[in-house]
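Residues per chain, in single letters:
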Amino acid sequence: MDVYRLATLGLAGLRRPLDTLAGRWRPEERASEWALGLRFPHENLAGLDLGARVAFAAARAEALWHHGLVIGLTSGARSVVEQQQLFDEAVAEYGSESAAREWVLPPSESLHVQGRALDVRPREGARWLEIHGHRYGLYRTYANEWWHFEHWPQYIGTRSRPPMRADPRAPASLL
Ligand SMILES: [Zn+2]
């Protein structure tokens, strides 16, 4: 267990009894979001679809309290302008739109613009989410991006899941 994880658990542990005393709803989630905010001060959850945000908070509270894992968000919701900028940069870097699409989609197709995609860290946190995220409607959807998860609540409690695609270029219908 690394020092950040210990510190986060320690901070959340200090906070939890206070929240419980105050009778707040879901004190574990509240305490974990508070501790994670200290651990990842630049993390930005703003603009996420409400369902995706609630699902992510619940999932990472479970990861923290039951498995001692800290899961951070590196990139969540993006504006059309931000996504277009990322796409343009990728086109410049990879030489063509089709090559760029291996990593970044244009704004009209990106679930980041809809606030339903979350890029997480670190790798072990992503691995945890890959195993347990389905209970919260969170799924990894690209084989080439271990960090990219999407919120698909309609699959909760079903035996199916959104298709795992090779990369953002691959049409879902081919799999
Ligand atoms: Zn992503």
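Note that the structure is predicted; figures quoted are calculated from it, not measured.

1. Quick look at the pairing of strand β2 (residues 117–121)
Next up, step 1: The element β2 is largely enclosed, with a buried count of 4 among its 5 residues.
Next up, step 2: Here strand β1 (residues 72–75) runs beside β2; their pairing, made up of 3 bridges, is antiparallel. Across the sheet, the residue bridging to Leu73 is Val120, located in β2.
Next up, step 3: Looking at chain direction, β2 and strand β4 (residues 148–151) are connected through 3 bridges and run antiparallel. Its bridge partner lying in β4, Leu118 is registered against Phe149.

2. So, the UniProt feature "domain: D-alanyl-D-alanine carboxypeptidase-like core" (unreviewed entry) in the protein
Next up, step 1: Under the UniProt annotation, "domain: D-alanyl-D-alanine carboxypeptidase-like core" (unreviewed entry) lies at residues 63–144.
Next up, step 2: Within the segment residues 63–144, helix and strand shares are 41% and 15% respectively, and the terminal C-alpha atoms sit 23 Å apart.

3. Describing the coordination of the zinc ion
Six octahedral donors at a metal ideally form angles of 90 or 180 degrees, and four tetrahedral donors ideally form angles of 109.5 degrees.
Next up, step 1: Here the zinc ion is held by the protein donor atoms His112 (NE2), Asp119 (OD) and His148 (ND1), which lie 2.0 to 2.1 Å from it.
Next up, step 2: Mapping the donors of the zinc ion onto the primary sequence yields the spacing H-x6-D-x28-H.
Next up, step 3: Residue His112 is classed as buried on the basis of its relative accessible area, which comes to 3%.
Next up, step 4: Residue Asp119 is classed as buried on the basis of its relative accessible area, which comes to 7%.

4. Describing the pattern of salt bridges
Next up, step 1: Tallied over the entire structure, the rule returns 8 salt bridges.
Next up, step 2: In this structure, Glu43 engages Arg60 in a salt bridge whose closest nitrogen and oxygen atoms are separated by 2.8 Å. Placement of Glu43 in the loop between α2 (27–39) and α3 (50–67) and of Arg60 in helix α3 is noted, with a sequence separation of 17 residues between them.
Next up, step 3: In this structure, Arg169 and Asp167 form a salt bridge, with 3.2 Å as the shortest nitrogen-oxygen distance.
Next up, step 4: Given a relative accessible area of 41%, Arg169 falls into the partly exposed group.
Next up, step 5: Since its relative accessible area comes to 9%, Asp167 is described here as buried.

5. Considerations on the side chain of Glu150
Next up, step 1: Turning to its location among the elements, Glu150 is positioned in strand β4.
Next up, step 2: One buried charged side chain, Glu150, makes no salt bridge at all; its nearest oppositely charged neighbour is Arg116, positioned 5.9 Å away.
Next up, step 3: What Glu150 contacts, discounting residues up to four positions off in sequence, is Leu111, Arg116, Ala117, Gly137, Leu138, Tyr139, Thr141 and Tyr142.

6. Quick notes on unusual backbone geometry
Next up, step 1: Here the amide bond leading from Arg121 into Pro122 is cis, since omega sits at -15°, within 30 degrees of zero.
Next up, step 2: Structurally, Pro122 can be placed in the loop between β2 and α6 (123–132).

7. Quick notes on α2
Next up, step 1: Helix length check: α2, at 13 residues, gives a terminal C-alpha distance of 18 Å against a target of 18 Å (1.5 Å per residue), a fit within 8%.
Next up, step 2: Taken together, the buried positions of α2 are Glu29, Ala31, Ser32, Ala35 and Leu36. Seen from one end, α2 has its buried residues packed into an arc of 165°, which puts them on one side.

8. A few points about the packing of aromatic side chains
Next up, step 1: Under the counting rule described, the total for this entry stands at 4 aromatic pairs.
Next up, step 2: On the numbers, 5.9 Å between centres and 75° between planes, the contact of Tyr139 with Tyr155 is edge-to-face. With Tyr139 in strand β3 (residues 138–140) and Tyr155 in the segment after β4, the pair connects residues that are 16 residues apart, well separated along the chain.
Next up, step 3: Sitting above the plane of the Trp152 ring, Arg116 keeps its charged end 4.6 Å from the centroid.

What counts, and where the lines are drawn
Residues numbered from 1 in each chain as written. Predicted model: local features only at pLDDT ≥ 70, side-chain atom pairs only at ≥ 80, totals over all residues. Heavy atoms only, no water. Buried < 20%, exposed > 50% of the residue type's maximum accessible area, 1.4 Å probe, protein only. Helix = DSSP H or I, 4+ residues; strand = E, 2+ residues; numbered from the N terminus. Pairing = 2+ DSSP bridges. UniProt positions renumbered as here; feature names shortened; annotations may be inferred. Donors = N, O, S within 2.8 Å, 3.2 Å for Na, K, Ca; no water. Salt bridge = Lys/Arg side-chain N within 4 Å of Asp/Glu carboxyl O. Lys, Arg positive; Asp, Glu negative; His and termini not counted. Contact = heavy atoms within 4.5 Å. Expected span 1.5 Å × (residues − 1). Arc of directions from axis to C-beta. Phe/Tyr/Trp six-rings, centres within 6.5 Å; stacked < 30°, edge-to-face > 60°. Lys NZ or Arg CZ within 6 Å of the ring centre and 35° of its normal.

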